[in-house]
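# Topology and contacts: notes
In case you want the letters, here they are:
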Amino acid sequence: MIGRIFALLLVLQTLGGQSNAAEFIISSQSNDHYLRIDMAGAIDPGDLFKLMSALNQVKYDKASKIRNAIVFLDSEGGDLTEALKIGRFLRAQRLRTGIASGAQCASACAYVFLGGTQRYYALAHRQKSSAGGLGVHAFRIGSNQSSYSAEEARRQIQRAQREMFELVKYFREMDADPRLLTLAVATEPPELHWVTNSEAIEFCIFVWDEKARAKFNPINPYKIREATGLQANGSWQRSNCRNP
């Protein structure tokens, strides 16, 4: 018998009351200690706090008895700074991330996706349906004005350098393949590079093939244990994911 299922719906309102504000739907299943969070809509400042509040209501943290927890994403993006905060939170709380069939996770959402982490060994764990979209592009700097003063140009360059430094640091923290960042910075917004399923597997992303009804794993997790052993911080490293 499927255990008791309950759901908590939390609607995240933006200051402007936009209709595409992010929404979290949290559901859990008591018999297998499973927790699913569906996040859809624009990412806005304050969304991390609201996600934390929602998880607190179902009493989820790293010490809880929930064995499997995953955040499914469907968002066109939003605030980059907030997305990085959410990604770091997912990493710290060891929540997996996923993109379901027909869903799209693009722009800032892609950085939330990279925060996906396995429950027990703190390995990066992101998964997508072969019919789900993961889109990346460069971050947007400045306005649409055609010319800048020398001082404004200097400030914009400094900001771009800070943003790039932050993204490189974030990729290292998330144990994410830097080739994905290369694809992103090479794609000028509003255009998007939609990551192919072959690229996803190369980038250590699990892909569920909707036609074959089978999951393609980037690496057998047992090989990671044999190759790296238990690290001093108590977590398994996935740095050799690209070289199994």
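Above this note sits the structure.
All figures in this text were calculated on a predicted structure; none of them were measured in a lab. (Residues numbered from 1 in each chain as written. Predicted model: local features only at pLDDT ≥ 70, side-chain atom pairs only at ≥ 80, totals over all residues. Heavy atoms only, no water.)

### A few points about the state of the cysteines
- For the structure shown, the criterion picks out 1 disulfide.
- Between the sulfur of cysteine 105 and that of cysteine 109 lies a disulfide, 2.1 Å long from S to S. Its S-S torsion of about -110 degrees marks the bond between cysteine 105 and cysteine 109 as left-handed, since a negative value means left-handed. Of the two residues examined, cysteine 105 and cysteine 109, each falls in the buried class. (Disulfide = S-S within 2.5 Å. Buried < 20%, exposed > 50% of the residue type's maximum accessible area, 1.4 Å probe, protein only.)

### Notes on the sheet that holds strand β8 (residues 133-136)
- Taking strand neighbours across the sheet as the criterion, the 3 strands line up as β6-β8-β9 in an open arrangement whose pairing is mixed. Two strands in the sheet have a free side with no partner beyond their single neighbour: β6 (104-106) and β9 (193-194). (Pairing = 2+ DSSP bridges. Helix = DSSP H or I, 4+ residues; strand = E, 2+ residues; numbered from the N terminus.)

### Quick notes on unusual backbone geometry
- Proline 190 follows proline 189 through a cis peptide bond whose omega is 10 degrees.
- Residue placement: proline 190 occurs in the loop between α5 (178-185) and β9.
- With a phi angle near 55 degrees, serine 107 is a residue other than glycine that sits in the positive phi range.
- Assignment of secondary structure puts serine 107 in the loop between β6 and α3 (108-113).
- Phi is positive for aspartate 175, which is not a glycine, with a value near 55 degrees.
- Relative to the elements of secondary structure, aspartate 175 occurs in the loop between α4 (150-173) and α5.

### Quick look at the pattern of salt bridges
- This structure, assessed with the given rule, holds 6 salt bridges.
- Across the pair glutamate 173 and arginine 88 runs a salt bridge whose closest N-O atoms are separated by 2.6 Å. Residue glutamate 173 is found in helix α4, and its partner arginine 88 is found in helix α2 (residues 80-93); the two are separated by 85 residues along the sequence.
- Under the relative-accessibility criterion, arginine 88 is labelled partly exposed at 27%. (Salt bridge = Lys/Arg side-chain N within 4 Å of Asp/Glu carboxyl O.)

### Comments concerning the environment of arginine 91
- Locating arginine 91 in the fold gives a position in helix α2.
- For arginine 91, a relative accessible area of 22% gives the class partly exposed.
- The residues contacting arginine 91, other than those within four sequence positions of it, are Gly115, Thr117, Ala122, Leu123, Ala124, Glu173, Met174 and Asp175. (Contact = heavy atoms within 4.5 Å.)

### Concerning the side chain of histidine 137
- Positionally, histidine 137 belongs in the loop between β8 and α4.
- Of the polar contacts made by the side chain of histidine 137, one reaches the side chain of serine 107; its length is 3.0 Å.
- Here the side chain of histidine 137 touches glutamate 191 through a polar contact of 3.0 Å, landing on its backbone oxygen.
- Filtering out sequence-adjacent residues up to four positions away, histidine 137 remains in contact with Ser107, Tyr111, Ala184, Thr187, Pro189, Pro190, Glu191 and Leu192. (Polar contact = N/O pair within 3.5 Å; in protein donor to acceptor, adjacent residues only side chain to side chain.)

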